[in-house]
Amino acid sequence: MAQLQQGGPDEKEKTTALKDLLSRIDLDELMKKDEPPLEFPDTLEGFEYIFNEKGQLRHIKTGEPFVFNYREDLHRWNQKRYEALGEIITKYIYELLQNECHLKKVTLPEGYGVIVLNPNENYIEVEKTKAQIQLSSDISDEPAEKREKKDKIQKETKKRRDFYEKYRNPQKEKETMQIYIRDNGSPEEHAIYVWDHFISQSAAENVFFVAHSYGGLAFVELMIQREAEVKNRVTAVALTDSVHNVWHQEVGKTIREWMRENCCNWVSSSEPLDTSVESMLPDCPRVSAGTERHELTSWKSFPSVFKFFSEAVKAKNSLVKPTPTRRSNRIKYEEF
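The shown structure was predicted, so the numbers you read here are calculated from the model rather than taken from an experiment.

Right, let's talk about the overall build of the protein chain for a bit. In terms of helices and strands, the protein chain carries 12 helices and eight strands. Put simply, the protein chain has 336 residues, and 33% of those count as buried. Counted over contacts in the protein chain with a minimum sequence separation of 6, partners at least 24 positions apart contribute 61%. As displayed, the protein chain has an accessible area near 21,900 Å², and 52% of this comes from carbon and sulfur atoms.

On to the packing of helix α8 (residues 187–197) against helix α9 (residues 214–225), then. Closest axis-to-axis distance for the α8/α9 pair is 8 Å, and the angle between their directions is 55°. Taken together, the axis directions place α8 and α9 in an arrangement best described as oblique. Crossing handedness for the pair α8 and α9: right-handed. Along the contact surface, α8 presents P187, E188, A191, I192 and W195, while α9 presents Y214, L217, A218, E221, L222 and Q225. Its residues assigned to classes, the contact of α8 with α9 comprises eight nonpolar, one polar and two charged.

Taken as a whole and judged by the stated rule, the model has 13 aromatic pairs. Measuring from ring centre to ring centre gives 6.4 Å for W195 and F209, while their planes differ by 25°; the resulting arrangement is stacked. Of this pair, W195 sits in helix α8 while F209 sits in strand β5 (residues 207–212), and the two are 14 residues apart along the sequence. When sorted by exposure, W195 lands in the same class as F209, which is buried. Linked through ring pairs, F208, W266, F302, F306, F308 and F309 together constitute an aromatic cluster. Just above the ring of W77 sits the side chain of R71; from NZ or CZ to the centre is 4.6 Å.

Moving on, we come to a nonpolar patch on the surface. A cluster of nonpolar side chains, contributed by V210, W299, F302 and F306, occupies part of the molecular surface with about 410 Å² of accessible area. Among the elements that make up the nonpolar patch, the one with the highest residue count is helix α12 (residues 297–318) (three residues).

Let's shift gears to unusual backbone geometry. In the Ramachandran plot, E48 falls in the positive-phi region, its phi being about 65° despite a non-glycine side chain. Relative to the helices and strands, E48 is located in the loop between α3 (27–33) and β1 (49–51). Despite not being glycine, H102 shows a phi value in the positive range, around 60°. Structurally, H102 can be placed in the loop between α4 (75–99) and β3 (104–108).

Here the focus is the sheet that holds strand β8 (residues 286–288). Strand order in the open sheet formed by four strands is β5-β6-β7-β8, with parallel pairing between adjacent strands. In the strand order of this sheet, the two ends are held by β5 and β8, each with one partner. Sheet twist, expressed as the average angle between the axes of neighbouring strands with direction ignored, equals 20°. Alignment of β5 against strand β6 (residues 234–240), held across six bridges, turns out to be parallel. Residue V210 lies in a different strand from β6, and its bridge partner there is A238. Together, β5, β6 and β7 (263–267) form the strand contacts of α9, whose direction differs from that of β5 by roughly 135°. In the packing of α12 onto the sheet, the strands contacted are β5, β6 and β7, and the crossing angle to β6 comes to about 160°.

Turning our attention to the pairing of β7. In terms of burial, β7 is largely enclosed, as five of its five residues are buried. The alternating pattern of β7 places C263, N265 and V267 on one face and C264 and W266 on the opposite face, and all of these are buried.

Let's shift gears to the pattern of salt bridges. Under the definition given, this model contains five salt bridges. A salt bridge links E48 to K61, with the nearest nitrogen and oxygen atoms 3.2 Å apart. You can see E48 sitting in the loop between α3 and β1 and its partner K61 sitting in the loop between β2 (57–59) and α4, a full 13 residues away along the chain. Judged by relative accessible area, which is 65%, K61 ranks as exposed.

How each quantity is defined
Residues numbered from 1 in each chain as written. Predicted model: local features only at pLDDT ≥ 70, side-chain atom pairs only at ≥ 80, totals over all residues. Heavy atoms only, no water. Helix = DSSP H or I, 4+ residues; strand = E, 2+ residues; numbered from the N terminus. Buried < 20%, exposed > 50% of the residue type's maximum accessible area, 1.4 Å probe, protein only. Contact = heavy atoms within 4.5 Å. Areas by Shrake-Rupley, 256 points an atom, 1.4 Å probe, with all protein chains shown as cover. Axes fitted to C-alpha atoms, helices over the stretch in contact; angles between N-to-C directions. Parallel < 35°, antiparallel > 145°, perpendicular 65-115°, else oblique. Left-handed = near helix turned anticlockwise from the far one by under 90°. Nonpolar A, V, L, I, M, F, W, Y, C, P; charged D, E, K, R; others polar. Phe/Tyr/Trp six-rings, centres within 6.5 Å; stacked < 30°, edge-to-face > 60°. Lys NZ or Arg CZ within 6 Å of the ring centre and 35° of its normal. Patch = residues over 30% accessible without salt bridge, like charges linked within 9 Å, V, L, I, M, F, W, Y side chains within 5 Å. Salt bridge = Lys/Arg side-chain N within 4 Å of Asp/Glu carboxyl O. Pairing = 2+ DSSP bridges.

Quick look at the structure:
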């Protein structure tokens, strides 16, 4: 009886064999078996999507928003389709930022495909040393051997750039792969790199951050690493559904105090926009973004974010701290 209740030795052997079989099944290969080719259009029109006058992505024929599950039971194929469309939208947005916002596209570092948009035309001059300026003026007098070496380096740089482009664009390759980018191997590293090489050297009088989701965690890490510099340069920070955690990231008291005064987090919530939302963390105030959808928190809260920034500039000039939003029940945090 005891043996029957436990399933018996035969049942255990069958279970072990089944587990062993499942462990040897390559789920990725199984998913690929009945999957259509990973070949997608290279234009928005090819996907039958356009941006309407409100800047919303809509289907040309139906007028409906983007549908992820284009084909049932083909999650991997749908994901690749989503990524391919994302590449096209990324290029479209870069063009808008360059043409309409007059931002400058800079590739970093050493020809890799990470792109930063910078409105300051003179930041490169700030980075140049006297030795670099002298070198550029005497380039025509360089020995042939030195010029050949420099040409070789430039060719290697182009080769790395082409290699990156080849694998980052799913239009060119059926499979994509992640490539480690020196000094930018994680969002946190990238935030610090961009701060050190661009933001800290810019001529802007007021620096603002809008950090969505994991971007909030990256910003907090930037504060930990560059606290004095951030406090000196940054006027205000708008977080949208940020996933930062001041306890897990071991944020010090002085940073928490600064965040309470200069940051606001618009979080996903069913409450109306700007309604105060309680938090157990002693950092910045939290208010509703006016939506329960994580991916829409930035879009929905933009009017309040820009109002917050405008008030921050006025407060900075008058030496009075801004009120991020209306919040009659703002939480008073205890000091920990």
